[in-house]
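# Fold and contact review
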Amino acid sequence: MIIRCRLRGVSFLLPNPPQHWRITVKSFATQLSLLQHASLSFRFFSSSSTSPSSPNPNQYSFTVSYLINSCGLSPPSALSASQKLRLVTPERPDSVLTLLRNYGITDAQLPKLLRVFPSLLLADPEKTLLPKLEFLHSKAFTRADLGRILSSCPLILSRSLDNQIIPCHNFLKSILHLDKTVVSACKRSPRILLENVKKNIVPKITALQEIGVPQSSVVFLIKHYPCVVQLKNDKFHEIVKEVMESGFDPLKMVFITAIQVFAGMSKSTWEQKMEVYRRWGLSNHEIMLLFRGFPLCMSLSENKIMSTVDFLVNKMGWKLSAIIRVPITLGYSLEKRIIPRCSVGKVLILKRLVKKDLSLGAFLKLTEKKFFDRFVIKYQNHIPQLLNLYKGEVGVLELGFASEEICGIKQL
């Protein structure tokens, strides 16, 4: 199937468009028709000049066709992108595309990159782009990393190598020490490579050091939560003050986690999460005890909170006070950790192989290996199907216990 589009009297072809393109042809044609009757001025960019110029219809036709056929943009996206550049011949953009693909940009990522930064096609591939790509690749960024990072933040390629990319990378490495750790931070937040280090990151690090936050915690913050050090300085200082007033110790790593939670949550969302815990009868003081023990409890979804507490309290018989003492329990997967372990616990109690008052923490906080060795392997001779129960292949009732027996267990 070949679709012929016409703009200002000039025709161009869309050969063999994918099905989803055909669906959008009608809307695309409508946009072209509007452009034909509207008095619009376009700003086009070339490798030699960025001054406004009047578009030649043939060049406009070629630009849209190239963006669709060579770059994978949809017709509406190509139309939008064509307002920011003018392609005269395919030689320069072809060279740019070849270079990008050689450094990890996939055909699926290319449209995303060019929708944000279409004038990239006019950059000098050898003098402008290659040195940046070579530098990043030499610093442990794999081609897959570059594809992911650059498609998420194409403007990295618009920044100066000597004045922005290298100084920013070197600063991050001075804090994180290893190239691969810098890569890890950049993958979590590619925009960190665009930051003005002296104005936006150094003041935050200094503020943390002044209240006693150890260097290991600073490294943890930048590696795992780089978005936090990209906040406006005033907002960051406000969050640090809130964390201090909530009773967190700056010397402990949990202080950094609390900063991340506050940074990613609005006041209204915070109050909504407080209300979820209040439904279970927890006071504000008890909720803050939960938060200080496990800050991520406030980042959990309402469904996760409700289903976990319901299972532990109503089905397993634990008291809320036990959860407050071991708040990390709320973060465990209900399906992968809590239910399988509690199923094993029920059977072991019914068989009187473990004490009925086994603590929540001792039961759920154990590493996978320790739990498996202590509660599954140890008692497999007594209960041959215990491993099947732990894997979820059989249920407690299928092991021959009456439902009254199971419901009679009030607490592990």
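Residues numbered from 1 in each chain as written. Predicted model: local features only at pLDDT ≥ 70, side-chain atom pairs only at ≥ 80, totals over all residues. Heavy atoms only, no water.

### Regarding the overall build of the protein chain
Secondary structure assignment for the protein chain yields 22 helices and two strands. Residue burial in the protein chain is summarised as follows: out of 412 residues, 46% are buried. Of the contacts made within the protein chain by residues no fewer than 6 positions apart, 69% connect residues no fewer than 24 positions apart. With the model as given, the accessible surface of the protein chain reaches about 20,600 Å², and the carbon-plus-sulfur share is 53%. (Helix = DSSP H or I, 4+ residues; strand = E, 2+ residues; numbered from the N terminus. Buried < 20%, exposed > 50% of the residue type's maximum accessible area, 1.4 Å probe, protein only. Contact = heavy atoms within 4.5 Å. Areas by Shrake-Rupley, 256 points an atom, 1.4 Å probe, with all protein chains shown as cover.)

### A few points about the side chain of Asp-179
Its location among the elements puts Asp-179 in helix 9 (residues 179-188). Once you skip the residues sitting within four places of it in the chain, Asp-179 turns out to touch Lys-139, Ala-140, His-169 and Lys-173.

### Some remarks on the packing of aromatic side chains
In this structure the tally under the stated criterion is 11 aromatic pairs. Ring geometry for Phe-62 and Tyr-66: centres 5.8 Å apart, planes at 45 degrees, overall tilted. Placement of both Phe-62 and Tyr-66 in helix 2 (residues 57-69) is noted, with a separation of four residues, approximately one turn of the helix. Given a relative accessible area of 5%, Tyr-66 falls into the buried group. Centroid distance Phe-248 to Phe-291: 5.2 Å. Interplanar angle 85 degrees. Geometry classified as edge-to-face. Placement of Phe-248 in the loop between helix 12 (233-245) and helix 13 (254-263) and of Phe-291 in helix 15 (residues 284-293) is noted, with a sequence separation of 43 residues between them. (Phe/Tyr/Trp six-rings, centres within 6.5 Å; stacked < 30°, edge-to-face > 60°.)

### Examining the pattern of salt bridges
Scanning the model with the defined rule gives 10 salt bridges in all. Where Asp-310 meets Lys-315, a salt bridge forms, and the shortest distance between an N and an O atom there is 3.2 Å. For Asp-310, a relative accessible area of 24% translates into the label partly exposed. Among the charged side chains, a salt-bridge network with shared partners connects Glu-271, Glu-275 and Arg-278. (Salt bridge = Lys/Arg side-chain N within 4 Å of Asp/Glu carboxyl O.)

### A word on unusual backbone geometry
Even without being a glycine, Ala-140 presents a positive backbone phi close to 80 degrees. With respect to the helices and strands, Ala-140 occurs in the loop between helix 6 (125-138) and helix 7 (143-152). Assessed through its relative accessible area of 37%, Ala-140 is described here as partly exposed. Look at Arg-352: it is not a glycine, yet its phi comes out positive at around 60 degrees.

### So, the nonpolar core
Generally speaking, nonpolar side chains in soluble globular proteins are found buried as a group. If you look at the biggest cluster of nonpolar residues, it comprises 122 residues, and the most contacted ones within it are Leu-120, Ile-259, Tyr-277, Phe-291 and Met-298. Once you skip the residues sitting within four places of it in the chain, Ile-259 turns out to touch Leu-208, Val-228, Phe-236, Ile-239, Val-240 and Val-243. (Core = buried A, V, L, I, M, F, W, Y, C linked by side-chain atoms within 4.5 Å.)

### Some details on the confidence of the model for the protein chain
The pLDDT averaged across the protein chain works out to 84; a share of 81% of its residues lies at or above 70. Confidence drops under pLDDT 50 across residues 20-55; counting only partners more than four residues distant or on other chains, this segment forms 61 contacts. (pLDDT = per-residue confidence, 0-100.)

### Points about helix 8 (residues 161-176)
Within helix 8 the residues assigned to the buried category are Leu-161, Gln-164, Ile-165, Cys-168, His-169, Phe-171, Leu-172, Ile-175 and Leu-176. Phi turns positive, to about 75 degrees, at His-177, one or two residues after helix 8.

### Comments concerning the environment of Val-229
Structurally, Val-229 is set in the loop between helix 11 (215-224) and helix 12. The exposure class assigned to Val-229 is buried, which follows from its relative accessible area of 1%. For the pair Val-229 and Asn-200, spaced 29 residues apart in the sequence, the C-alpha separation amounts to 7.4 Å.

### Description of helix 13
With respect to burial, helix 13 is a largely interior element, seven of its 10 residues being buried. Taken residue by residue, helix 13 has Phe-255, Ile-256, Thr-257, Ala-258, Ile-259, Val-261 and Phe-262 as its buried positions. Those residues of helix 13 hidden inside the fold are in contact with helix 10 (197-210), helix 11, helix 12, helix 14 (267-278) and helix 15.

### Digging into the state of the cysteines
Within this structure, the stated rule accounts for zero disulfides. No disulfide involves Cys-153; its nearest neighbouring cysteine sulfur is the one of Cys-186, lying 9.9 Å away. A relative accessible area of 4% means that Cys-153 is categorised as buried. Cys-186 gets classed as buried once you look at its relative accessible area, which sits at 0%. (Disulfide = S-S within 2.5 Å.)

### Structural notes on the packing of helix 10 against helix 11
Put simply, helix 10 and helix 11 touch, their axes get as near as 10 Å, and they point 145 degrees apart. Helix-helix and strand crossings are classified by hand; for helix 10 and helix 11 the assignment is right-handed. Two secondary-structure elements touch here, helix 10 through Ile-205, Leu-208 and Gln-209 and helix 11 through Gln-215, Val-218, Leu-221 and Ile-222. Considering only residue class, the contact of helix 10 with helix 11 consists of five nonpolar, two polar and no charged. (Axes fitted to C-alpha atoms, helices over the stretch in contact; angles between N-to-C directions. Left-handed = near helix turned anticlockwise from the far one by under 90°. Nonpolar A, V, L, I, M, F, W, Y, C, P; charged D, E, K, R; others polar.)

### A word on the packing of helix 14 against helix 16 (residues 302-315)
Running from amino to carboxyl end, helix 14 crosses helix 16 at an angle of 15 degrees, the nearest separation of the two axes being 10 Å. One finds that helix 14 runs roughly parallel with respect to helix 16. Of the two possible hands of crossing, helix 14 and helix 16 adopt the one that is right-handed. Together, Lys-273, Val-276 and Tyr-277 of helix 14 and Glu-302, Ile-305 and Met-306 of helix 16 make up the contact between the two elements. In the contact of helix 14 with helix 16, the residues fall into four nonpolar, no polar and two charged. (Parallel < 35°, antiparallel > 145°, perpendicular 65-115°, else oblique.)

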